[in-house]
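Chain residues, written in single-letter form:
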Amino acid sequence: PQRWLARGRGSPRLVLVVVFVALLLDNMLLTVVVPIVPTFLYTTEYEGANSSTDPARPQPAPPALKAPPFSSLFSYFDNTTVTVSGSQSPSEVPNGTESGRPSQTPGSPPAPQRGCPEGHEFLTKENVRVGLLFASKALVQLLVNPSVGLLTNRIGYHIPMFIGFTILFLSTVMFAFSGTYTLLFIARALQGVGSSFSSVAGLGMLASVYTDDSERGNAMGIALGGLALGVLVGAPFGSIMYEFVGKASPFLILAFLALLDGALQLCILQPSRISPESTKATPVSTLLRDPYILVAAGALCFSNMGVAMLEPTLPIWMMQTMCSPQWQLGMAFLPASISYLVGTNLFGILANKMGRWLCSMIGMAVVGISLLCVPLAKNIYGLIGPNGGLGFAIGMVDSSMMPIMGYLVDLRHTSVYGTVYAIADVAFCMGFAIGPSTGGAIVRAIGFPWLMVIIGVTNLAYAPLCWCLRSPPAKEEKMAILSQECPMQPKTYTRQKPQREFPLTEDSDVEAENVE
């Protein structure tokens with residue numbers, strides 16, 4: 001086994017396995033809370049408050065056809081005296097009364113449609129609170145990412161990867177035993193710190209071990225398949241376990257799987273070893289001034305913002321308009337998850353052949369059209385088409401933009417990847433921070449359909465900008481284009497060469513000193 005591990009530590013495939021599993025567990029935890037949190041808060045806060053303020057009023061029946069405790073009993077026969085649980089005296093059922101229909105207290109509000117939750121105003125306000133809770137993870141990750149990118153350049157990728165596992169394990173256990181909104185909020189924010197370490201270190205590690213651009217694209221597609229599988233399994237797994245087992249059960253299972261991931265990292269990555277990058281990385285400020293990196297980051301941000309807005313708002317919209325049971329709230333995301341899994345694996349290979357810029361442009365257009373079709377659904381089956389198209393299109397964008405980020409660094413900057421994948425993760429997190437936090441407020445102000453119109457049109461308008469990534473200029477062409485001189489014909493580059501090339505740029509002397 002020791003000889004096998006020694007050989008395996010030098011294998012890029014085992015590194016890919018570690019990154020795949022880390023992204024899988026991170027995104028299972030990301031989406032497993034989507035169907036749980038709205039119904040859990042509704043049960044603990046709205047129904048709990050009503051039962052405490054009005055204990056004499058019988059509780060409404062749940063969606064499942066079970067008789068609630070202390071409900072009235074009605075006879076199927078005439079002239080029968082029936083004892084009602086909790087009453088002071090027996091009540092008589094008059095002759096000719098309809099059997100099976102509960103009596104309604106005078107002055108009480110009319111009963112809601114069967115299966116629909118009460119408290120429309122509470123659910124409307126809950127859009128904002130649930131959106132902020134979901135956005136807290138991405139917001140914290142957004143703030144931590146730049147520091148993690150600099151840390152990976154100094155100590156390597158292995159130790160940050162293991163730190164991410166440790167924090168994610170603690171966050172998962174905290175989710176299992178949190179019973180209030182505040183504790184859930186803290187657990188979600190803590191998950192953002194762990195996700196930052198795992199995603200930045202994982203993607204940077206893949207880019208460093210797969211130096212060929214084509215192989216790197218395939219590896220990124222497989223790694224994003226782990227992300228897609230986590231999204232695929234998370235929401236349905238969470239809704240079914242919460243409905244039939246309990247709130248803590250899905251999180252405890254994820255905590256056990258996280259321990260296995262930690263053991264895998266200990267065996268393969270040796271996280272006690274410090275391995276800094278041999279060359280100095282390009283500063284973050286320089287990368288942020290690169291327009292091509294900004295276009296790629298914007299595509300990641302806006303395409304993922306659509307599904308980020310759906311996560312807190314779609315389950316509540318389904319509860320209000322479709323009267324959906326709890327298990328359907330998670331199953332609604334299943335078509336998007338399956339198609340995302342197919343899209344990332346298919347276009348990880350195909351995008352390199354058809355052109356990653358074209359793949360991402362088509363993907364963003366399909367994202368916009370799919371979002372515009374979501375409010376047209378009348379039941380859960382009407383969501384299959386729009387959600388399926390949405391997941392497939394986001395898979396096209398992600399599997400194209402992640403390799404482009406590494407390619408742009410090779411082409412125009414120093415080939416050190418921690419910082420650029422920190423920027424990519426920042427763009428991803430901006431979508432998941434802005435989306436839920438603003439989505440809930442927009443739904444409360446103008447409604448769910450208009451929210452889908454806004455984000456759908458935004459994606460359609462941004463899609464043509466992907467044309468700019470068709471032939472990005474290499475580093476030696478940069479000065480000629482910026483000074484608006486005679487443009488040179490763009491070439492195809494696979495990786496920046498260590499030797500100096502002509503014409504020299506202003507940074508050539510600095511790079512020569514670093515190489516020496």
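Criteria and cut-off values
Residues numbered from 1 in each chain as written. Predicted model: local features only at pLDDT ≥ 70, side-chain atom pairs only at ≥ 80, totals over all residues. Heavy atoms only, no water. UniProt positions renumbered as here; feature names shortened; annotations may be inferred. Helix = DSSP H or I, 4+ residues; strand = E, 2+ residues; numbered from the N terminus. Buried < 20%, exposed > 50% of the residue type's maximum accessible area, 1.4 Å probe, protein only. Contact = heavy atoms within 4.5 Å. Core = buried A, V, L, I, M, F, W, Y, C linked by side-chain atoms within 4.5 Å. Salt bridge = Lys/Arg side-chain N within 4 Å of Asp/Glu carboxyl O. Axes fitted to C-alpha atoms, helices over the stretch in contact; angles between N-to-C directions. Parallel < 35°, antiparallel > 145°, perpendicular 65-115°, else oblique. Left-handed = near helix turned anticlockwise from the far one by under 90°. Nonpolar A, V, L, I, M, F, W, Y, C, P; charged D, E, K, R; others polar. Disulfide = S-S within 2.5 Å. pLDDT = per-residue confidence, 0-100. Phe/Tyr/Trp six-rings, centres within 6.5 Å; stacked < 30°, edge-to-face > 60°. Lys NZ or Arg CZ within 6 Å of the ring centre and 35° of its normal. Patch = residues over 30% accessible without salt bridge, like charges linked within 9 Å, V, L, I, M, F, W, Y side chains within 5 Å. Areas by Shrake-Rupley, 256 points an atom, 1.4 Å probe, with all protein chains shown as cover.

Per an unreviewed UniProt entry, the chain goes by VMAT1 protein and derives from Grallaria varia. One UniProt comment on the chain, placed under Sequence similarities (unreviewed entry), says "Belongs to the major facilitator superfamily. Vesicular transporter family." Comment text from UniProt for the chain, heading Subcellular location (unreviewed entry), reads "Cytoplasmic vesicle, Secretory vesicle, Synaptic vesicle membrane".

Caption draft 1: Expanded view of the overall build of the chain. If you tally the helices and strands in the chain, you get 18 helices and two strands. Counting the 516 residues in the chain, one finds 51% classified as buried. Long-range pairs, those at least 24 residues apart, make up 83% of the contacts in the chain between residues at least 6 apart in sequence.

Caption draft 2: Just the nonpolar core, in detail. Among the nonpolar cores identified, the biggest contains 111 residues, and Leu310, Leu314, Met318, Met405 and Tyr421 are the most heavily contacted of them. It is helix 10 (residues 291-321) that contributes the most residues to this core, 17 residues altogether. Sequence-distant contacts of Leu310, that is, excluding residues within four places in its chain, are made with Pro315, Phe333, Leu371, Val374, Asn387, Leu390, Phe448 and Met452. Judged by nonpolar contacts, the second largest core, of six residues, contains Val148, Phe197, Val200 and Ala422.

Caption draft 3: Layout of the pattern of salt bridges. Enumeration over the complete set of coordinates arrives at one salt bridge. Taking the shortest distance from any N to any O, the salt bridge between Arg412 and Asp290 comes out at 2.8 Å. One end of the pair, Arg412, is in helix 14 (residues 384-412); the other, Asp290, is in the loop between helix 9 (284-288) and helix 10, and 122 residues separate them in sequence. In this pair, the class of Arg412 matches that of Asp290, namely buried.

Caption draft 4: Geometry of the packing of helix 2 (residues 12-32) against helix 7 (residues 213-244). The interhelical angle for the contact between helix 2 and helix 7, taken along N-to-C directions, is 30 degrees, at an axis separation of 7 Å. Accordingly, the angle class assigned to the pair helix 2 and helix 7 is roughly parallel. When you trace helix 2 past helix 7, the crossing you get is right-handed. Split into classes, the residues belonging to the contact of helix 2 with helix 7 amount to 16 nonpolar, seven polar and no charged.

Caption draft 5: Inspection of the state of the cysteines at higher detail. Inspection of every chain in the model, using the stated rule, returns zero disulfides. This cysteine, Cys359, is not joined by any disulfide, and Cys466 carries the nearest cysteine sulfur, 9.7 Å off. The exposure class of Cys359 is buried, given its relative accessible area of 0%. Not part of a disulfide, Cys468 finds its nearest cysteine sulfur in Cys466, a span of 8.4 Å.

Caption draft 6: Representation of the confidence of the model for the chain within the structure. Mean pLDDT over the chain stands at 75; residues scoring 70 or higher make up 72%. Contacts from residues 54-114, a stretch scored under 50 in pLDDT, to residues over four places away or in other chains number 39 contacts. Here residues 477-504 scores under 50 on pLDDT; set against residues more than four positions off or in separate chains, the count is 36 contacts.

Caption draft 7: The packing of aromatic side chains, seen in detail. By the definition in use, this model includes eight aromatic pairs. Centroid distance Phe428 to Phe432: 5.0 Å. Interplanar angle 35 degrees. Geometry classified as tilted. Separated by four residues within a single helix, Phe428 and Phe432 lie in helix 15 (residues 418-446), roughly one turn from each other. By the burial criterion, Phe428 is buried, and Phe432 matches it. The ring of Tyr181 carries Arg129 above its face, with NZ or CZ at 4.3 Å from the centroid. The lysine or arginine in question, Lys247, covers the ring of Phe40, its NZ or CZ lying 5.2 Å from the ring centre.

Caption draft 8: Highlighting the environment of Arg129. Tracing the backbone through its elements, the reader meets Arg129 in helix 4 (residues 120-155). Taking C-alpha positions, Arg129 is 8.9 Å from Tyr181, a pair spaced 52 residues apart along the chain.

Caption draft 9: Geometry of the side chain of Ser198. Relative to the helices and strands, Ser198 is located in helix 6 (residues 181-209). Leave out the neighbours within four places in its chain, and Ser198 touches Met161, Gly164, Phe165 and Leu168.

Caption draft 10: Seen up close, a nonpolar patch on the surface. Among the surface-exposed residues, Ile240, Phe244, Val245 and Trp327 lie close enough to one another that they form a single nonpolar patch of about 430 Å² accessible area. Locating Phe244 in the fold gives a position in helix 7.

Caption draft 11: Just the environment of Glu311, in detail. By the secondary structure assignment, Glu311 is in helix 10. Residues Glu311 and Phe432, spaced 121 residues apart in sequence, show a C-alpha to C-alpha distance of 9.5 Å. Ignoring any residue separated from it by four or fewer positions in sequence, one finds Glu311 in contact with Thr31, Val34, Phe134, Arg188, Phe333 and Phe432.

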